[in-house]
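Each chain, written out:
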Amino acid sequence: MIGGGHSGAEAAWASAALGARTLLVSSNLDSLGQMSCNPSIGGVAKGQLVREIDAMGGLMSRAADRASIHFRMLNMSKGPAVQSPRCQADRSLYSRSLRSLLESAQSLTLFQSMVTGILVSDKCAVGVETAEGNRFIAGSVVLAGGTFLNGLIRVGDRAWPAGRAGDPASTALAGNLRELGLPVMRFKTGTPPRIDGRTVDYAALTEQPGDSERFLFSFFHDCPPLPQRSCWHARTSARTREIALANLKRSSLYGGYIQGRGPRYCPSIEDKFVKFPEREVQHLFLEPEGLDTWEIYLNGFSNSLPPEVQLEMLHSVPGLEQAVMVKPAYAIEYDCYDPRELDFSLQSSHIAGLFLAGQVNGTSGYEEAAGQGLAAGVNAAHLALGREPVTFSRAESYLGVMIDDIVSCGVDEPYRLFSSRAEFRLSLRQDNADLRLSPLAHKLGLLDGPSYAKVLRKKELSEAVQQELGSTFLSPEKANPYLESIGETPVSSGIGLNKIIKRPTASLAGLLTYLGREVTAAEQEVLPQVEMELKYSGFMQRERGRVQQMERMEGVRIPSGLDYSSLTGLSREGRDKLCARCPATLGQAQRIPGISPSDISLLMVALSRARSGNSDSDSSETEGP
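Cut-offs and rules
- Residues numbered from 1 in each chain as written.
- Predicted model: local features only at pLDDT ≥ 70, side-chain atom pairs only at ≥ 80, totals over all residues.
- Heavy atoms only, no water.
- Helix = DSSP H or I, 4+ residues; strand = E, 2+ residues; numbered from the N terminus.
- Rg over C-alpha atoms; globule rule 2.2 N^0.38 Å.
- Buried < 20%, exposed > 50% of the residue type's maximum accessible area, 1.4 Å probe, protein only.
- Contact = heavy atoms within 4.5 Å.
- Areas by Shrake-Rupley, 256 points an atom, 1.4 Å probe, with all protein chains shown as cover.
- Lys, Arg positive; Asp, Glu negative; His and termini not counted.
- Charge placed at Lys NZ, Arg CZ, Asp CG, Glu CD.
- Pairing = 2+ DSSP bridges.
- pLDDT = per-residue confidence, 0-100.
- Axes fitted to C-alpha atoms, helices over the stretch in contact; angles between N-to-C directions.
- Parallel < 35°, antiparallel > 145°, perpendicular 65-115°, else oblique.
- Left-handed = near helix turned anticlockwise from the far one by under 90°.
- Nonpolar A, V, L, I, M, F, W, Y, C, P; charged D, E, K, R; others polar.
- Phe/Tyr/Trp six-rings, centres within 6.5 Å; stacked < 30°, edge-to-face > 60°.
- Core = buried A, V, L, I, M, F, W, Y, C linked by side-chain atoms within 4.5 Å.

## Some details on the overall build of the chain
For the chain, the count of helices and strands is 20 helices and 22 strands. Relative to a compact globule of 625 residues, whose C-alpha radius of gyration would be 25 Å, the chain shows 26 Å and is just as compact. Viewed in the frame of its principal axes, the chain has a C-alpha envelope of about 75 × 75 × 50 Å. Counting across all 625 residues of the chain, residues that qualify as buried make up 54%. Sequence separation of 24 or more characterises 71% of the internal contacts of the chain that already satisfy a separation of 6 or more. When the accessible surface of the chain is totalled, it reaches about 26700 Å², and 50% of it is carbon and sulfur. Computed over 65 positive and 70 negative side-chain charges, the separation of the two mean positions in the chain equals 2 Å.

Here it is, written out as structure tokens:
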């Protein structure tokens, strides 16, 4: 495993858990799992992914729970599909926790060095070489280099090579990868300044305390709770905007220095003022970096302006007039590689045995990196151990959505997960991640017997509660007082408890309390999930129908040697993109940008004719939808 960030850590853990002798090489073992930007884990769609990593036996959930100093369940006023857990983490404690967990893996060795090249024989990765000349031979290699590959930090008109502030860039390995023919892209990201919390006027800000109820990302592991810290909400002033616009040409971004493509959904503060001129005020969030430091992360203030301009802008924000900036903001450009050259196990099509994970695939975010790392680690271990690759369906996980998105469609900016990317997000909730993915994790060997037994008990208990609700009926005399108390229309005949729960204002806990039904501690944990399943059962049934349709499309195999140029009627764009991507199934072809419904229809007809005219065709291929 090359790199000890979030993707490299998960890859190493998963590989070792499967019994493969695993080596993780990092340029600095003291910064394993370092949170280089925001000291938070989770968020919309990201929180669901962290729960999925936990369901697969991963590390991120456990490290986040050990370091959580502020937690909120986002979007509680909205539907269950977008309700997402998010915590602020103690930055140093998170890194220490992750290293402690890695050091507990029996088949894993940690080694500090800079990898300078990948050893390749007959177009197969066979190991790595380090700066000291050490050569490590391996059955597979995972590249999880983050922003270190040809990393270049920019502040104003100044630039210097670095993987992040304080760490050297990996230039030799980046050159080696170019020589090996990997298709290089250049992306950009950035981080805001940090300030001394003792110099903030909190009276001018709005406090944002965390949720009072404790939440654990991990379903399988507990840990002692930490003291909690509040976040704070601030707003820029008209003066902030004036300073930024007056110094645009001194920005790395607007001064023409940055060549890499940055994330559209997370623009820098100067970019916000330019692109959203109607918004004179921008929102900022002060987030604590840890329990033993006064350092504050100024979320929303990312920029690449000179430090003196940053400080002038900082002092124009109400509440931050006397704030001391302890670390300036900066932008960073880095090499990444077109993920369309990967297969769905994240293995390179250019170099067999080389797997890519994290920001090197053009994604952003700790959670996206960790999810890819887990998938790459599993498949790298499987290749080395002579086992079949493992792929994830977009109908079963956000992890599958992300991998399918980047491999099928590629990226033209740093990719970030959103709930809107998942067609079946109502089924991909954070509360059922263990039920969705733990059977696979147990089958692979990532989840031990006692942990899986806990999932089975949860499933049995959930089904028992649903069965009880479906078989229990109330007379109008018994049901109507409860319905009237919650503002619902009374009934004139008997009604099942499962029907009552479908009423918008009904709650399962409230209904059981009304009936005097004692709820055990174990049942209390599954009640929210049971309520969601019942309330949204109609929507979920329609969702399952769409899943079946997608599975039928995925079942239609496309012969690897199909000559698209011979298919008359295909659009020119469709023909070009099908030739370039060579999709393995009709479902993959459908998700390629630029492929029209008429192209898919013509392709279905061609495949049907090919099957009917070839008696030796694979009998396992399914018919088109």
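Having put the structure on the table, let's press on.
## So, the pairing of strand β19 (residues 330–337)
Most of β19 is tucked away: eight of the eight residues are buried. Burial along β19 is two-sided: the face carrying Y330, I332, Y334 and C336 and the face carrying A331, E333, D335 and Y337 are both buried. As judged from the three bridges shared by strand β10 (residues 152–155) and β19, these two strands associate in the antiparallel manner. Paired with L152 across the strands is E333, a residue of β19. Bridge count between strand β12 (residues 184–191) and β19: eight bridges; the pairing is antiparallel.

## Side note on the environment of L570
Structurally, L570 can be placed in the loop between α17 (537–554) and α18 (572–581). With 111 residues separating them along the chain, L570 and K459 place their C-alpha atoms 48 Å apart. Setting aside residues no more than four positions away along its own chain, L570 makes contact with Y564, R575, L578, D599 and L602.

## A word on the confidence of the model for the chain
Predicted confidence across the chain gives a mean pLDDT of 92, with 98% of residues reaching 70 or more. Segment residues 615–625: pLDDT under 50, and 18 contacts once partners within four positions in sequence are set aside and those in other chains are kept.

## Description of the packing of helix α12 (residues 449–471) against helix α16 (residues 521–535)
Any two packed helices are characterised by how steeply their axes cross, that is the angle between the axes, and by the distance between the axes. For the pair α12 and α16, the least separation of the axes is 9 Å and the interaxial angle reads 60 degrees. If you check the angle between α12 and α16, you find them oblique. The handedness of the crossing between α12 and α16 comes out as right-handed. Only A522, E523, V526, L527, Q529, V530, E533 and L534 of α16 make contact with α12, whose side of the interface consists of K458, L461, S462, V465, Q466 and L469. Across the contact of α12 with α16, the residue classes break down as eight nonpolar, three polar and three charged.

## As for the packing of aromatic side chains
Within the structure shown, the criterion is met by eight aromatic pairs. Ring geometry for F71 and F215: centres 4.7 Å apart, planes at 10 degrees, overall stacked. Linking F71 in strand β3 (residues 68–74) with F215 in the loop between β14 (206–208) and β15 (231–235), this pair joins segments that are 144 residues apart in sequence. With a centroid separation of 5.5 Å and an interplanar angle of 35 degrees, the aromatic rings of Y482 and Y514 are classed as tilted. Linking Y482 in helix α13 (residues 476–485) with Y514 in helix α15 (residues 508–514), this pair joins segments that are 32 residues apart in sequence.

## Notes on α13
Listed in full, the buried residues belonging to α13 are P476, A479, N480, Y482 and L483. One or two steps after α13, the chain reaches G487, where phi turns positive at roughly 80 degrees.

## As for the nonpolar core
Core analysis: the biggest nonpolar cluster contains 95 residues, and I41, Y94, L143 and L354 have the highest contact counts within it. Looking at this core, the element that brings in the most residues is helix α9 (residues 366–384), giving eight residues. With near-sequence residues (within four places) excluded, L354 lies in contact with I118, A125, V141, L143, L182, L346, Q347 and S348. Formed by 22 residues, the second largest nonpolar core is a distinct cluster that contains W232, I269, L305 and M325.

## Quick notes on the pairing of β3
Burial analysis of β3 places five of its seven residues in the buried class, the great majority of the element. Bridge count between β3 and strand β4 (residues 84–89): six bridges; the pairing is antiparallel. Bridging across to β4, F71 finds its partner in C87.

## A closer look at the sheet that holds strand β7 (residues 124–130)
The strand order β6-β7-β8 describes an open sheet built from three strands, whose pairing is antiparallel. A strand with exactly one partner marks an edge of an open sheet, and here the two such strands are β6 (115–121) and β8 (135–137). If you compare each strand with its neighbour and ignore which way they point, the axes differ by 30 degrees on average. For β7 and β8, the ladder comprises three bridges, and the chain directions are antiparallel. Looking at β8, one finds that V128 is bridged to F136.

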